[in-house]
Amino acid sequence: TQLLEQSPQFLSIQEGENLTVYCNSSSVFSSLQWYRQEPGEGPVLLVTVVTGGEVKKLKRLTFQFGDARKDSSLHITAAQPGDTGLYLCAGRNFGNEKLTFGTGTRLTIIP
Amino acid sequence: GAVVSQHPSWVICKSGTSVKIECRSLDFQATTMFWYRQFPKQSLMLMATSNEGSKATYEQGVEKDKFLINHASLTLSTLTVTSAHPEDSSFYICSARLLSYEQYFGPGTRLTVT
């Protein structure tokens, strides 16, 4: 079973600060997705990255897929309380329809 | 966007009874649906992959006779927890694949077995 390690596991910062969440693996993925999950709800897809080195921006969120397609990062600029939640990365292997989920990063933005 | 619904959103049942959870893709057809389980403060664990018209593929350690999955149509998959026990209490989430690499999740079903 491939493992996707996310760091940090927990992060609590003040509103307005910047942060980066990392998703690392020893496996190569054909694509990688980032989700945010609120308590008691299902994960909501934020972005999908497919090409090595790809960078995608979603308002204040910047996602990057590593050149070797083994890792990814999520950078949030000027964090807001609405960004609070559990962030999950999930990778898909070549020829495999299953997603492997990361260990998760629980983010709390303090007003 | 792609919408996946689950019903019920929460259910409480007595030990020994069976519970059925439905997962529907509302605005697209999904040949493949997935069932996950999530324990408090943990990530999602894949239980099984469900393909329309064929038997589900279960992950290692998941009892197929206990967690019955039926994917009878392109928009509906069901998970039945048979002879439920308190240790089956968990948050069950389904997802449906829209494109070759995009997966959308339902809102989850909280199962509590007393």
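Residues numbered from 1 in each chain as written. Chains lettered and ligands numbered in written order. Predicted model: local features only at pLDDT ≥ 70, side-chain atom pairs only at ≥ 80, totals over all residues. Heavy atoms only, no water.

Omega for the peptide link from Ser7(A) to Pro8(A) comes to -5°, which places this bond in the cis form. By the element assignment, Pro8(A) lies in the loop between strand S1 (5-7) and strand S2 (10-14). A cis amide bond links His7(B) to the next residue, Pro8(B), at an omega of 0°. Of note, Pro8(B) is situated in the loop between strand S1 (4-7) and strand S2 (10-13). You will see that Lys41(B), though not glycine, has its phi angle at about 60°, which is positive. Note on placement: Lys41(B) falls in the loop between strand S4 (32-38) and strand S5 (44-51). At Ser83(B), a position not held by glycine, the phi torsion is positive, near 45°. Examined against the element boundaries, Ser83(B) turns out to sit in the loop between strand S8 (76-81) and strand S9 (90-97). (Helix = DSSP H or I, 4+ residues; strand = E, 2+ residues; numbered from the N terminus.)

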